[in-house]
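# Results of the structural survey
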Amino acid sequence: MPSIHSQVVFITGGAHGIGAEVARRLHAQGAKLVLTDLDKAQLEKFADELGGDRVLTVAADVRDLDAMQAAADAAVERFGRIDTVVANAGIASYGSVLGVDPEAFRRVIDVDLVGVFHTVRATLPAVIERRGHVLVVSSMAAFAPLAGMASYDAAKAGVEHFANALRQEVEYQGVTVGIAHMAWIDTALVRDSKADLATFQETLAKLPWPLNKTTSVDKCVDAFVKGIEERRARVYCPGWVGLFRWIKPLLNLRVIESAITKDVPDLLPRMDAEVAALGRSTSAYNESIEK
């Protein structure tokens, strides 16, 4: 596969956050970009900011396989190929299993897990042809779940296993598959959760160091780009997140689980009360783009 400066990179969730900043970095290095997002206005604005003829934008919902297939087809028609795919689009919901809006829970699974399948399904033939690379964005939540975030935890754990199975399926065809696991990154997802829920801020504050630390988007982008350049099977940000992959069985021990969940009886009912008062189980931004 060619070096980054001559690659065609397909990124979902490409108008905001980590997806946009990875796109910005890759564009600066000479890559051609295919950016998809549900937010058409921001997608077009970002493309204008990048400028030039090396950016193709397609407003598409990762929950819609036909839309993702159309985006993949447009990428091949425009640039002739797809070398790397970054399955990045993701959202989160608020509240306990009993408190969360069931529709919000289902939406997280559809975007964060089914959306990854749709992205890979649509682009994989082109990637196989190029013996390319797929980077699936999971989370530390795949290793270390947190009360009040069951939908996100479940989706990211599912994505982890999906990517591992995909690697087994395509390795013999010369395709490499990476999985990205991040802790708290300073994105809109984290900022909106803090702004909406005081209990979310309390939960973070009560986590032991370094689990309570937030990492900059720039550092996350550094890890992603290096992972793409080197076709890494694992991308961690910060690096200590990788430790949780190895100690995951220990996290299920009752003594450790009890230490992690000791504040749940206080925090979780208050979180559900905050969610009920908000009248929504996700961020205002996610609600707005659904309408």
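As recorded in an unreviewed UniProt entry, the protein goes by SDR family oxidoreductase and comes from [Mycobacterium] kokjensenii. Looking at the Sequence similarities (unreviewed entry) heading of the UniProt record, one finds this comment for the protein: "Belongs to the short-chain dehydrogenases/reductases (SDR) family."

Below, the discussion takes up the side chain of Thr 119. Mapped onto the elements, Thr 119 comes out in helix H4 (residues 102-130). Engagement of the side chain of Thr 119 in a polar contact is seen with the backbone oxygen of Gly 115, the distance being 2.8 Å. Those residues in contact with Thr 119 that lie beyond four places of it in its chain are Phe 10, Thr 12, Val 62, Met 68, Val 85 and Ala 87.

Now for empty space enclosed by the protein. The tally for this structure, following the rule as stated, stands at one cavity of 30 Å³ or more. Of the voids in this model, the largest cavity is the one considered here, and its volume is about 70 Å³. Every residue along the wall of the largest cavity is listed here: Ala 92, Ser 93, Tyr 94, Gly 95, Gly 148, Met 149, Trp 184, Leu 189, Ser 193, Leu 197, Phe 200 and Met 271. In the lining of the largest cavity, the residues fall into eight nonpolar, four polar and no charged.

Residues given the UniProt feature "domain: Ketoreductase" (unreviewed entry) here are residues 7-182. Helix makes up 50% of residues 7-182 and strand 18%. Its end C-alpha atoms lie 25 Å apart.

Within the sequence span of helix H9 (residues 241-251), burial applies to Val 241, Gly 242, Phe 244 and Leu 251. When H9 is viewed along its axis, its buried side chains cluster within an angular range of 160° and face the same direction. Opposite its buried face, H9 presents the exposed residues Trp 246 and Pro 249, each directed more than 90 degrees away.

It is worth spelling out the sheet that holds strand E1 (residues 8-12) at this point. The sheet built from seven strands is open, its strands ordered E3-E2-E1-E4-E5-E6-E9 with parallel pairing. Because the sheet does not close on itself, it has two edges, and the strands there are strand E3 (55-59) and strand E9 (234-237). Neighbour-to-neighbour, the strand axes of this sheet turn through a mean angle of 15°, independent of strand direction. Relative to strand E2 (residues 32-37), E1 runs parallel, the two being bridged by five bridges.

Judged by nonpolar contacts, the single largest core of 36 residues is most densely connected at Phe 10, Val 34, Ile 82, Val 134 and Leu 166. Looking at this core, the elements that each hand over two or more residues are E1, E3, helix H3 (65-79), strand E4 (84-87), H4, strand E5 (133-137), helix H5 (150-170) and strand E6 (176-182). For this core, the element with the most residues is H4, which contributes eight residues. Ala 23, Leu 43, Val 55 and Ile 185 belong to the second largest nonpolar core, which has 32 residues in total.

A few words now on the pattern of salt bridges. Applying the stated criterion across every chain, the model contains 15 salt bridges. Its salt-bridge partner being Arg 270, residue Asp 266 comes within 3.0 Å of it at the nearest N-O pair. Taken together, the positions of Asp 266 and Arg 270, both in helix H11 (residues 264-278) and four residues apart, correspond to about one turn of that helix. Look at the salt bridges and you will find they share partners, linking Glu 21, Arg 24 and Glu 49 into a network.

Relative to the helices and strands, Ala 89 is located in the loop between E4 and H4. Ala 89 sits in the buried class, given a relative accessible area of 16%. Spatially, the C-alpha atoms of Ala 89 and Ala 72 are 15 Å apart, while their sequence positions differ by 17 residues. Ignoring anything within four residues of it in the chain, the contact list for Ala 89 reads Thr 12, Gly 13, Val 62, Val 111 and Asp 112.

The next subject is the environment of Lys 219. Here Lys 219 lies in helix H8 (residues 217-229). Taking C-alpha positions, Lys 219 is 20 Å from Leu 204, a pair spaced 15 residues apart along the chain.

A few words on the pairing of E3. Where E2 lies against E3, five bridges are found, and the strand directions are parallel. The residue of E3 that forms the bridge with Leu 33 is Val 55. After leaving E2, the chain enters helix H2 (residues 40-50) and then returns to the sheet as E3, a path that is right-handed.

Our focus in this paragraph is the packing of helix H6 (residues 188-196) against helix H7 (residues 198-206). Across the interface, H6 lies against H7 with an axial gap of 5 Å and an inter-helix angle of 115°. In terms of orientation, H6 and H7 fall into the roughly perpendicular class. Across from Val 190, Ser 193, Lys 194 and Asp 196 in H6, the residues of H7 making contact are Ala 198, Phe 200, Gln 201 and Leu 204. Considered class by class, the residues forming the contact of H6 with H7 number four nonpolar, two polar and two charged.

Cut-offs and rules
- Residues numbered from 1 in each chain as written.
- Predicted model: local features only at pLDDT ≥ 70, side-chain atom pairs only at ≥ 80, totals over all residues.
- Heavy atoms only, no water.
- UniProt positions renumbered as here; feature names shortened; annotations may be inferred.
- Helix = DSSP H or I, 4+ residues; strand = E, 2+ residues; numbered from the N terminus.
- Polar contact = N/O pair within 3.5 Å; in protein donor to acceptor, adjacent residues only side chain to side chain.
- Contact = heavy atoms within 4.5 Å.
- 1 Å grid on protein atoms, 1.4 Å probe; cavity = no way out; pocket = protein on both sides within 12 Å on 5 of 7 lines; lining within 4 Å.
- Points joined across faces, edges and corners; volume = space filled by probe spheres on them.
- Nonpolar A, V, L, I, M, F, W, Y, C, P; charged D, E, K, R; others polar.
- Buried < 20%, exposed > 50% of the residue type's maximum accessible area, 1.4 Å probe, protein only.
- Arc of directions from axis to C-beta.
- Pairing = 2+ DSSP bridges.
- Axes fitted to C-alpha atoms, helices over the stretch in contact; angles between N-to-C directions.
- Core = buried A, V, L, I, M, F, W, Y, C linked by side-chain atoms within 4.5 Å.
- Salt bridge = Lys/Arg side-chain N within 4 Å of Asp/Glu carboxyl O.
- Right-handed = clockwise from strand over helix to strand, strands pointing away.
- Parallel < 35°, antiparallel > 145°, perpendicular 65-115°, else oblique.

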